[in-house]
Amino acid sequence: MSIYTFSKSARPDLQALTEAIAVSSMANKNLGFLRWDENKESLEVHMQSDLSPDDEAILAGLAANS
Amino acid sequence: MNTIKAAILALLWLAPGALAQSITSGVCSVCPVSQFSGVIADNPPIAGNGTPGSPLFLDPSSVTLQGNGVNIAQLEADFLALEISADAQFAQIAAGTTTIAGDLSAHEAAADAQFTQIAADTTTIAGDLSAHEAAADAQFTQIAADTTTIAGVLSAHEATADAQFTQIAADTTTLNSTKVNRAGDTITGQLRIQNGSEAAPSIRSMSGNSGMYFPVGAAHIGFSQNDTEDFRISPGGPQISNNAFYYFSGIGNFQYGIGRVGNESVIRVGSFNVLFVGNSQFRLTRNTVITGDGTTGLTVNSGKINGDGSGLFNVGASTAASITISSAASDGATLTTSTTYVEKLSSTHTVETGTYLITWSAELSNNANNRQTCYRVQLNDTDTLAEACPAFQLITSTPYLPVSGSYVATTAAGTINLNMDLRIESTGTGELRRSRFIVQKVVIQ
């Protein structure tokens, strides 16, 4: 499991982010789960394997807009 | 010739029938005795030892030569040949002698030439020695003159040194009469010394940096021990330094005194301390007991009793009977789409040996209608104290279900860890917020 963490202070819509990843152009869409912590203001995306640099950039954009 | 004669005599002495030895090689000069005809009488034919004083003697009555056994002509020829050989050898010897004489003459001449050169060299060396002798004489003369000069200079310095020693002796006498004797003395005037410092007192002991000094710029007298001031006499009165105590009397648990610890003034009686913080607070040392008068009890006016900031608050007559409260909280929401548990709140609590009441509370939600969110409470990541997976109906947009529980645990001194986790059962976004743990030590009656 590979974890990608993004700074996120506003409450995200995890369902919407899950669907956005599924329909995105990411080559690797094997999402494990999402976790957001209000105290830490952080969004964790748990992928089942490492992302390529391109996928990582796409994921960062999705996370910022979630 | 004597050899030949001796040989003949020897042959004459041999018994009849024996063979005589040949004295020359080649021609027979003494033939076998068988060619002689002679008679040997009973008397010994030869007398004497053949040595000086005892010559060999042939007794004629005993030996009679007959016939011609001796070849005289051959003997003469042999003698002649020997003579010629001897002459040749003598001639050779003479020639060798002449050669040797010539060589000796040549060596003599060479030796004469060398002796002449040696004589000349000896003359030269003698001249050189004479020159060096003269130079050495001149140097000795110069050394003698220099020695005289040095002696004069030394004499002058000696006189000067004598004068200085005399002056030093006089000064020493003067000093002895006016200075303080280290071994003990009486001072008739003021003894003024340097101000010194806390770490280097002006008056100190021989063995350590403890003593008295005078703080610069003020009318103070300070007393320090081991580089640190403990006590000071000031115009406003005696002062006690931080972390120092002034004991009035007593030893060990019976001491009583006043002092300072950190920024607190302390009244100490034995092991009991009353500490004054600033101008408005005081506290008692730990493990001390406040006892009321049995009628009014202990009253805290318009205030409260606070913990010490460590997260523990002890109340009771003793540690064993006290209540210890420790808490942790995470008010912010945690969202997840994970179907396996993720951590919401983790807290570590320091505990003493005893029994603890663990209580928790939180609010749980799921944003999908009729979907479940699970929460779980674990002790030390092993013991599950509570777990539930309620489903939510979206009557409002954000329904939250309060969850809570309690657990009594007996533990040894150390730390315990509490976790509150959440997950979704299958669909939706699970949420857990306002998570709290309270751990309080209790005595079960």
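Caption draft 1: Just the overall build of chain B, in detail. Within chain B one finds 2 helices and 24 strands. Counting every position in chain B, which comprises 445 residues, the buried fraction comes to 23%. When contacts within chain B are restricted to residue pairs at least 6 apart in sequence, long-range pairs at least 24 apart make up 51% of them.

Caption draft 2: Geometry of the overall build of chain A. The number of helices and strands found in chain A is 2 helices and 3 strands. When the helices and strands of chain A are read in sequence order from the N terminus, they spell out β-α-β-β-α. Here chain A, with 66 residues, has 41% of them falling under the buried criterion. A sequence separation of at least 24 residues applies to 65% of the contacts in chain A between residues at least 6 apart. Just so you have it, chain A exposes about 3,500 Å², and 48% of that area is on carbon and sulfur atoms.

Caption draft 3: Spatial organisation of the interface of chain B and chain A. Each partner contributes to the interface: chain B provides 18 residues, whereas chain A provides 12 residues. Here chain B packs against chain A, burying approximately 1,100 Å² in sum over the two surfaces, 43% of which is carbon and sulfur. Of all residues in chain B, Ala-333, Leu-335 and Thr-337 of chain B give up the largest surface area on contact with chain A, accounting jointly for 44% of the area buried on that side. Salt-bridge contacts for Glu-431 of chain B lead to Arg-11 of chain A; the nearest nitrogen and oxygen are separated by 2.8 Å. Applying the counting rule to chain B against chain A returns 10 residue pairs in polar contact (both at pLDDT 80 or more).

Caption draft 4: Seen up close, the nonpolar core. Residues and elements named next belong to chain B. Core analysis: the biggest nonpolar cluster contains 24 residues, and Ile-358, Trp-360, Tyr-375, Val-377 and Met-420 have the highest contact counts within it. Looking at this core, the elements with two or more residues in it are strand E17 (342-351), strand E18 (354-366), strand E19 (371-379), strand E20 (383-388), strand E22 (401-411), strand E23 (414-424) and strand E24 (430-442). Here the element with the most residues in this core is E18; it accounts for 5 residues.

Caption draft 5: Here's a closer look at the packing of helix H1 (residues 14-22) of chain A against helix H2 (residues 53-65) of chain A. Residue and element names in this part refer to chain A. Taken N-terminus to C-terminus, the directions of H1 and H2 make an angle of 150 degrees; their axes are 10 Å apart at the nearest point. The orientation of H1 with respect to H2, classified from their angle, is roughly antiparallel. The handedness of the crossing between H1 and H2 comes out as right-handed. Facing Leu-17, Ala-20 and Ile-21 of H1, the residues of H2 in contact are Leu-59, Leu-62 and Ala-63.

Caption draft 6: Spotlight on the pattern of salt bridges. In the structure shown here, the tally under the stated rule is 10 salt bridges over all chains. The salt bridge partner of Glu-44 of chain A is Arg-35 of chain A, with a shortest N-O separation of 3.9 Å. Among the residues examined, Arg-35 of chain A registers a relative accessible area of 8% and is labelled buried. Between Glu-229 of chain B and Arg-232 of chain B there is a salt bridge whose closest N-O contact spans 2.9 Å. Here Glu-229 of chain B falls in the buried class, since its relative accessible area comes to 8%. Taken together, the shared-partner salt bridges connect Arg-35, Asp-37 and Glu-44 of chain A into one network.

Caption draft 7: Representation of the sheet that holds strand E8 (residues 228-234) of chain B in the model. All names here are of chain B. A sheet is described by the order of its strands in space; here 5 strands give the open sequence E5-E6-E7-E8-E9, paired in antiparallel fashion. The sheet is open, and its two edges are formed by strand E5 (203-204) and strand E9 (237-240), each paired on a single side. Where E5 meets strand E6 (residues 211-213), 2 bridges bridge the pair, whose relative direction is antiparallel. Residue pairing in the sheet places Arg-204 in a bridge with Gly-211 of E6.

Caption draft 8: Quick peek at the packing of aromatic side chains. Residues and elements named next belong to chain B. Counted according to the given criterion, the structure contains 1 aromatic pair over all chains. Between Arg-423 and the ring centre of Tyr-341, over which it is positioned, the NZ or CZ distance is 5.0 Å. The positively charged end of Arg-433 is found above the aromatic ring belonging to Tyr-400, 3.3 Å away from the centroid.

Caption draft 9: Unusual backbone geometry, seen in detail. All names here are of chain B. Residue Asp-227 is not a glycine yet carries a positive backbone phi of 75 degrees. Its location among the elements puts Asp-227 in the loop between strand E7 (221-225) and E8. For Asp-227, a relative accessible area of 38% gives the class partly exposed.

Caption draft 10: Here's a closer look at a nonpolar patch on the surface. All names here are of chain B. A cluster of nonpolar side chains, contributed by Tyr-246, Phe-248, Tyr-256, Ile-258, Ile-267, Val-269, Phe-272 and Phe-276, occupies part of the molecular surface with about 720 Å² of accessible area. At the level of elements, strand E10 (245-249), strand E11 (256-261), strand E12 (264-269) and strand E13 (272-277) are the ones that each hand at least two residues to the nonpolar patch. With respect to the helices and strands, the residue Ile-258 is situated in strand E11.

Caption draft 11: Highlighting H2 of chain A. Residues and elements named next belong to chain A. With 13 residues, H2 extends 19 Å between its outermost C-alpha atoms, agreeing within 8% with the 18 Å of an ideal straight helix rising 1.5 Å per residue. Inspection of H2 places Asp-55, Leu-59 and Ala-63 among the buried residues, and these make up the whole buried set. Seen end-on, H2 carries its buried residues on one side only, within an arc spanning 75 degrees. Facing away from the buried surface of H2 by more than 90 degrees, the exposed residues are Pro-53, Asp-54, Ala-57, Ala-64 and Asn-65.

Quick notes on the rules
- Residues numbered from 1 in each chain as written.
- Chains lettered and ligands numbered in written order.
- Predicted model: local features only at pLDDT ≥ 70, side-chain atom pairs only at ≥ 80, totals over all residues.
- Heavy atoms only, no water.
- Helix = DSSP H or I, 4+ residues; strand = E, 2+ residues; numbered from the N terminus.
- Buried < 20%, exposed > 50% of the residue type's maximum accessible area, 1.4 Å probe, protein only.
- Contact = heavy atoms within 4.5 Å.
- Areas by Shrake-Rupley, 256 points an atom, 1.4 Å probe, with all protein chains shown as cover.
- Buried area = accessible area lost by both parts, 1.4 Å probe.
- Salt bridge = Lys/Arg side-chain N within 4 Å of Asp/Glu carboxyl O.
- Polar contact = N/O pair within 3.5 Å; in protein donor to acceptor, adjacent residues only side chain to side chain.
- Core = buried A, V, L, I, M, F, W, Y, C linked by side-chain atoms within 4.5 Å.
- Axes fitted to C-alpha atoms, helices over the stretch in contact; angles between N-to-C directions.
- Parallel < 35°, antiparallel > 145°, perpendicular 65-115°, else oblique.
- Left-handed = near helix turned anticlockwise from the far one by under 90°.
- Pairing = 2+ DSSP bridges.
- Phe/Tyr/Trp six-rings, centres within 6.5 Å; stacked < 30°, edge-to-face > 60°.
- Lys NZ or Arg CZ within 6 Å of the ring centre and 35° of its normal.
- Patch = residues over 30% accessible without salt bridge, like charges linked within 9 Å, V, L, I, M, F, W, Y side chains within 5 Å.
- Expected span 1.5 Å × (residues − 1).
- Arc of directions from axis to C-beta.

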